[in-house]
Every structure is written in C-alpha cells, then in structure tokens.
Amino acid sequence: MRRPTRAIIYRHGLCVLRPWYLPAIWLIVGAAPYAWAIGIDTQISGRQTYFLSKTLLDNDRYTFSKTRLQARLQTPARSPLRLETELHLLYYGGSYLETTEWRDMVSPALQGHSAIEWETKWADAPRAQARARVYRLVLSHEDVTGRWQVGRMRNSFGNTRVFISPLDRFDDLSVQVSDELERPGSDALRWRLDLGDRVVGDVGYLWGARTGQHRSFARVGVTAAAGIEVALLGGRLETMSDGFGASLSKSVADGELRWEGVRLRKTRTESSLVMVGPIPTLIESWVKHDFSRHIFSWERAYAHDWVIALEWLHNGAGQADAEAYDLTRLLRREDLYLGRRYLGCSFKKTLDALWSLQVEGVSNIGDGSFAWYPKLRFLSAHSKLEASLAPVAFFGPSVSEYGRLPGTHHMSLIYYF
C-alpha cells in the first residue's frame, strides 16, 4: 500500500526532552561536520513532506507533516573494514497525531520489530512529536573471498518496480507516513561468499524483538549463459514462515523478463471457545497455512528516455472475498496487499534535464478496484534541491480494497547540504 498524503498545521505544546537522547542530536548537528572535516565520507540532507488525506477506518480528514534531518557517514571505500551509518532527526506534526489510527497502529509500526530499539521519542505534544533514530549502522569487512556484515541493515533480493517483491519481505516494510521504499531494516548478521566468476552465495540471520520474530536465509545466485540469471533462496523468509524462493530473469524483446516467487508455510495461533464440562474455556492451538506469492514482470527502456514496466502479482496469503478484507493489516504492516491477484504498470519519462514524470497504476483484479499514482519530480541543476508532487487516486466499489481507501496528496522537498 502506498503512503497517503498530508499537509501540516503545527501546534506547539509542552515538550519533555530526555537528556540522554541529546547525543543523537549532537551526532547529526555536530559530529557529521566534524567527520567530513577529517575525511570521512559525509552527506547531510533535509526532507520536508506534507500530507493531506483521511483516516482509513473512520474516514476523518487530517493533516500531517514529516520533517527529517539526515546524516550519512561512512569510512573510505578503500578500507577493507568499513563502518556505515545513517542518523535521522524526525519531527511529526498535524492533526493526524491525535487520531487512534496513528497512536494505536501507525506510530508503533514505524519502529519495526527488530531486537534493538533504534528509534525513540524525545519530545511529545498533542500535535507535535520529535524522534531520533539510527536508521542504518553496518560494520563490514571485504576481501577477495567475500564480505561479512553486521548491524542495522536492509536485506533485499528482488528486482521489481511496481509491487514489493516476495523475496524482499525480510525487513519491516513502509507504512503511510514512510517515504517511498523506506524500511526500518533489520538487525542482521550476513555473509556473502564469492564462489566463482558466476556464482555467489549469501547467508544471513535476522534477530527479532520477540521469540518467533527472527528470520534467516541462505541464497545461491548463478549467472548462466545467454544472459540468464537464476537464484534459489531458502529459510525463514517471513516471521513464523518457513519455505523457499526463486528468481529467474532473461533479456527478451529488448527488455528484461523476470519471475520471482516464494512458497511458504506460516505458523500462527488460533483461539477457540470450547466447553470443558459446564465451563467455557478458551483454547489456543497452532495452525499451519501453506501459501505462495509470485510476480511476473517485464521492463523495457525505449528511445527518448521512456521506461515501461508491467507486473502481475499473485498473493496467495490474500482474501478471495472482498468482504473479508481487514484494513488494519495494512496499518499494522502485517501485509501490503489484501487481495489475491493484481496487475500493475509503470511509465517513467525524463522530460528534460530537470523534470521527470512517473505514473503507476495498480488494479486488484479480484474486486475490480484501481489505484493511480502519478508523480512529478524536479531536480535542480546542481542536484542540491529535489521536489516532488504526487496526488494519489483510488477507484472501485465501496467494498473493494482500493475503493475503501481515501484519495491522498503529498508534496516533498529535499535539500542536500
């Protein structure tokens, strides 16, 4: 599900500042310029995003804004032992912060489910909230045999444009107030081994916040003859879900044809009320559910900077009946799609040196609903300023997935120092 869009009305209230979070502010405001001065690769940027939309469950209008100051620091690439980090200061504002949707579902989901709490609130008011977080912190070592990494990182293996790849569900995924493709990431230990000119092995373990939330993977990728790429993946690919995945890609008709899929067995608890003599008793039992997800995609770049992509998604964990959709699963980040079958398309055009246009459309084939995502992007001549405008529209019957979602509008400004 895409991010709804919002604009901002600030209301300043009494804020409580926790002194032991002040080092996070110092790291961005003070340490980042110092790191740049001593030769550490440093990039500082600010992002302001405005949203205007309605809540999904109550259909109440709201405003929302997200301000982010970001610092990326990494040791020189020539060193075999490297440390990479990305630090954020976040400020949320608007009437959305007073809704139960934000308090009970969206705000907790933003922090993810990793073993370490990397994000914390250090100031809070009815319509204003400040947070500090370590978005990435990765220590790695690389030599001729391969590379190992440990820390807060993103793990992804898919190559899709419209839908989220079923191979990329290790990390927590974006919710309404996240930036496009932003993910909290995962606390992981990962080792990549070069097995030859065309074979790469990859294994990893991802810690979860609670027992049962860990994930793991083992992957082998092969570049075969005639431009064919094949990869096999196995392990605990989602929370409480064991199985295997695969991908296959080949150049066809001047484009890239690709298939990505997983077959999983998910273990979950179900509660039932049974009578033990005259006393009703709640019994919990473990239930296993088998399902699969597949994406077929084709992408091609044409003359005059046109890029077109078509994708078909089968979501075996979805509901066949629109009446059974549960919108809270989207807000809690428990899933990204509620239905079974989807068709998506993407058109991207570079208009000139400064402007580009991207339009995406997604259709839930099962319930006849449709989502429309146009985005106009501006990049200044010296790449210091980036701006985007993205209105989002949803169409379909009132009981359908996209027909239930409110139209959204958002504008974003990014400045690179």
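In what follows, the accompanying structure is described. The structure presented is a predicted model; accordingly, all values stated were derived computationally and were not measured.

Reading the values: the criteria
- Residues numbered from 1 in each chain as written.
- Predicted model: local features only at pLDDT ≥ 70, side-chain atom pairs only at ≥ 80, totals over all residues.
- Heavy atoms only, no water.
- Helix = DSSP H or I, 4+ residues; strand = E, 2+ residues; numbered from the N terminus.
- Buried < 20%, exposed > 50% of the residue type's maximum accessible area, 1.4 Å probe, protein only.
- Contact = heavy atoms within 4.5 Å.
- Polar contact = N/O pair within 3.5 Å; in protein donor to acceptor, adjacent residues only side chain to side chain.
- Core = buried A, V, L, I, M, F, W, Y, C linked by side-chain atoms within 4.5 Å.
- 1 Å grid on protein atoms, 1.4 Å probe; cavity = no way out; pocket = protein on both sides within 12 Å on 5 of 7 lines; lining within 4 Å.
- Points joined across faces, edges and corners; volume = space filled by probe spheres on them.
- Nonpolar A, V, L, I, M, F, W, Y, C, P; charged D, E, K, R; others polar.
- Phe/Tyr/Trp six-rings, centres within 6.5 Å; stacked < 30°, edge-to-face > 60°.
- Lys NZ or Arg CZ within 6 Å of the ring centre and 35° of its normal.

1. Considering the overall build of the protein
Thought 1: Counting its regular elements, the protein contains three helices and 19 strands.
Thought 2: Across the 417 residues of the protein, 46% fall into the buried class.
Thought 3: The contacts in the protein between residues at least 6 apart in sequence include a share of 57% that link residues at least 24 apart.

2. Examining the side chain of E101
Thought 1: Mapped onto the elements, E101 comes out in helix α2 (residues 100-110).
Thought 2: Overall, E101 belongs to the buried group, its relative accessible area being 3%.
Thought 3: A polar atom in the side chain of E101 sits 2.7 Å from the side chain of Y96.

3. Some points on the nonpolar core
Thought 1: In terms of nonpolar packing, the biggest core is built from 37 residues, with F64, W102, F163 and Y402 touching the most fellow members.
Thought 2: Going through the elements one at a time, β2 (61-74), β3 (81-93), α2, α3 (328-331), β17 (369-379) and β18 (385-395) are the ones with two or more residues in this core.
Thought 3: If you tally residues by element for this core, the top one is α2, at five residues.
Thought 4: Core analysis: the second largest hydrophobic core is formed by 13 residues, M153, F170, L206 and L233 among them.

4. Focus: the layout of surface pockets
Thought 1: Of the pockets and cavities examined, the largest pocket occupies roughly 1300 Å³.
Thought 2: What lines the largest pocket is a set of 45 residues, among which T239, K266, R329, R333 and E334 lie closest to the centre.
Thought 3: Looking at the lining of the largest pocket, the elements that each hand over two or more residues are α2, β12 (255-276) and β13 (279-302).
Thought 4: Across the lining of the largest pocket, the residue classes tally to 15 nonpolar, 13 polar and 17 charged.

5. Some remarks on empty space enclosed by the protein
Thought 1: Per the stated rule, a full pass over the model turns up three cavities of 30 Å³ or more.
Thought 2: In this model, the largest cavity occupies a volume close to 60 Å³.
Thought 3: Surrounding the largest cavity, L110, Q111, W118, E119, R133, V134, Y135, R152 and P184 form its lining.
Thought 4: Residues of the lining of the largest cavity, tallied by class, amount to five nonpolar, one polar and three charged.

6. Some details on the side chain of T267
Thought 1: In this fold, T267 is placed in strand β12.
Thought 2: Taking relative accessible area as the criterion, T267 reaches 14% and is therefore assigned buried.
Thought 3: Reaching out from T267, the side chain makes a polar contact with the side chain of K288 at a distance of 3.3 Å.
Thought 4: Setting aside chain neighbours within four positions, we find T267 in contact with M240, W286, V287 and K288.

7. A short note on the packing of aromatic side chains
By convention here, two paired aromatic rings are described through the distance between centres and the angle between planes.
Thought 1: For the coordinates displayed, the defined rule picks out 22 aromatic pairs.
Thought 2: Between Y373 and F394, the ring centres sit 6.3 Å apart and the planes meet at 85 degrees, which makes this aromatic pair edge-to-face. Taken together, the residues span a long stretch of sequence, with Y373 in strand β17 and F394 in strand β18 at a distance of 21 residues.
Thought 3: A relative accessible area of 9% means that Y373 is categorised as buried.
Thought 4: Since its relative accessible area comes to 16%, F394 is described here as buried.
Thought 5: Seen from the ring of Y135, R136 lies directly overhead, with NZ or CZ sitting 4.0 Å from the centre.

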